Amino acid sequence: MFLLIFLFSASFFAKTPQASADTVEYFATSGFDVSSGTSADLISSDLTKLGASDESRMQTNPWTKNAADYDESRYLEFIFTPSVPTNAQISNIFITHEFRRSGTLTAAKLEVWDGSTWHNETLTLPSISNTDLSETKDVSSYINTPTIANTIKVRFLTYRSGDVNTTTSHDFVKITVTYTLDTTAPVITLTGANPQTIE
């Protein structure tokens, strides 16, 4: 009796990855208006107004006045429901926000949630009352994984040092995410008694 032993070796050859870049925009799907100090859910008409830069605005209650700093209990919160794939490599994430003020404000900022910490992004105030200002913030340095991106929340805060009530009106808010996926599977070539190439 003869025992024949066939040996084969496996060689792995990887093609040059074919990475496809996708840029996706996400808009607020829910949120809260706590500008008065009492929380109220954003309703569907509010979210519609926030979904396009179209002169249709969502107005807040008067913000904190006679203040020396932000009141962290008063804010406008935008909640998003992105669906960035879990195997995505994020290139950049931008937040675009457009608003106007009815009167004088001392300062304004966005707060961006990364899953454990709020990050401050200082906003430029519109130079003239009742005039829109759109600003885009790059948050790629800390919103940099699909898990973080898919749980992002954004808050708007402002205040004034004077004694006059001032509201803000918000026309547009969105998150723009650019990411890449490797769409090429590795190529496996079996060599020996029965060579095969598997892609």
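Our structure's up above, just so we're on the same page.
Worth saying up front: this structure is predicted, and the values here are computed from it rather than measured.

**Q** Explain the sheet that holds strand S3 (residues 30-33) residue by residue, including any values.
**A** Strand order in the open sheet made by the 6 strands is S4-S3-S6-S11-S8-S9, with antiparallel pairing throughout. Unpaired on one side and paired on the other, strand S4 (40-41) and strand S9 (118-122) mark the two borders of the sheet. Sheet topology places strand S8 (residues 107-113) next to S9; 5 bridges connect them, and they run antiparallel. Residue Glu111 lies in a different strand from S9, and its bridge partner there is Asn120.

**Q** Describe the pattern of salt bridges, naming the residues involved and giving the relevant values.
**A** Pairs can form between side chains of opposite charge once their charged atoms are near each other. Applying the stated criterion across every chain yields a total of 9 salt bridges. For Asp163, the salt bridge identified is with Lys65, shortest N-O distance 4.0 Å. With Asp163 in the loop between strand S11 (153-159) and strand S12 (168-182) and Lys65 in the loop between strand S5 (58-59) and strand S6 (76-79), this residue pair connects regions lying 98 residues apart in the sequence. Its relative accessible area of 33% is what places Lys65 among the partly exposed residues. Linked by salt bridges that have partners in common, Glu55, Arg57, Arg100 and Asp132 make up one network.

**Q** Account for the pairing of S11, naming residues and giving values.
**A** In terms of residue burial, S11 counts as a mostly covered element, since 6 of its 7 residues are buried. Sheet topology note: the S6/S11 ladder contains 4 bridges and is antiparallel. Across the sheet, residue Ile79 finds its bridge partner in S11, namely Lys153. Bridge count between S8 and S11: 7 bridges; the pairing is antiparallel. By the bridge assignment for S11, Trp113 is matched with Lys153.

**Q** Account for the side chain of Lys137, naming residues and giving values.
**A** By the element assignment, Lys137 lies in strand S10 (residues 133-138). A polar side-chain atom of Lys137 sits 2.6 Å from the main-chain carbonyl oxygen of Thr122. Among the polar contacts made by the side chain of Lys137, one reaches the side chain of Glu135 at a distance of 3.3 Å. Those residues in contact with Lys137, other than ones at most four positions away along the chain, are Ile93, Phe94, Ile95, Glu121, Thr122 and Leu123.

**Q** Talk me through the environment of Arg100; I want residue IDs and the actual numbers.
**A** By the element assignment, Arg100 lies in strand S7 (residues 89-101). Taking C-alpha positions, Arg100 is 9.4 Å from Gln59, a pair spaced 41 residues apart along the chain. Residues within four places of Arg100 in sequence aside, it is in contact with Glu55, Arg57, Pro126, Asn130, Thr131, Asp132, Thr167, Thr168 and Ser169. One polar contact links the side chain of Arg100 to the main-chain carbonyl oxygen of Asn130, over a distance of 3.0 Å. Side-chain polar atoms of Arg100 contact the side chain of Asp132, separated by 2.7 Å.

**Q** With reference to specific residues and values, describe the packing of aromatic side chains.
**A** Taken as a whole and judged by the stated rule, the model has 5 aromatic pairs. Pairing Tyr70 with Tyr159 gives two aromatic rings, centres 4.9 Å apart and planes at 80 degrees, and the pair type is edge-to-face. With Tyr70 in the loop between S5 and S6 and Tyr159 in strand S11, this pair connects stretches of sequence that are 89 residues apart. Here a set of aromatic residues connected by ring pairs shows up, and it is made of Trp63, Phe99 and Phe156.

**Q** Residue-level account of the nonpolar core, with values.
**A** Residues Phe78, Ile143 and Phe156 are the most contacted members of the largest nonpolar core, which totals 33 residues. Counting residues per element, the ones that place at least two in this core are helix H1 (44-50), S6, S7, S8, helix H2 (146-149), S11 and S12. In terms of residue count, S12 provides more of this core than any other element does, 5 residues in total.

**Q** Just give me the short version of the pairing of S8, but keep the residues and values in it.
**A** For S8, a buried count of 7 out of 7 residues is recorded, marking the element as mostly surrounded by other parts of the structure. Judged by which residues are buried, S8 turns out to be covered on both faces: Ala107, Lys109, Glu111 and Trp113 on one side and Ala108, Leu110 and Val112 on the other are all buried. Counting the residues between successive antiparallel strands, the hairpin from S8 to S9 contains 4 residues, one of them, Gly115, with a positive phi of roughly 100 degrees.

Procedures and definitions
- Residues numbered from 1 in each chain as written.
- Predicted model: local features only at pLDDT ≥ 70, side-chain atom pairs only at ≥ 80, totals over all residues.
- Heavy atoms only, no water.
- Pairing = 2+ DSSP bridges.
- Helix = DSSP H or I, 4+ residues; strand = E, 2+ residues; numbered from the N terminus.
- Salt bridge = Lys/Arg side-chain N within 4 Å of Asp/Glu carboxyl O.
- Buried < 20%, exposed > 50% of the residue type's maximum accessible area, 1.4 Å probe, protein only.
- Polar contact = N/O pair within 3.5 Å; in protein donor to acceptor, adjacent residues only side chain to side chain.
- Contact = heavy atoms within 4.5 Å.
- Phe/Tyr/Trp six-rings, centres within 6.5 Å; stacked < 30°, edge-to-face > 60°.
- Core = buried A, V, L, I, M, F, W, Y, C linked by side-chain atoms within 4.5 Å.

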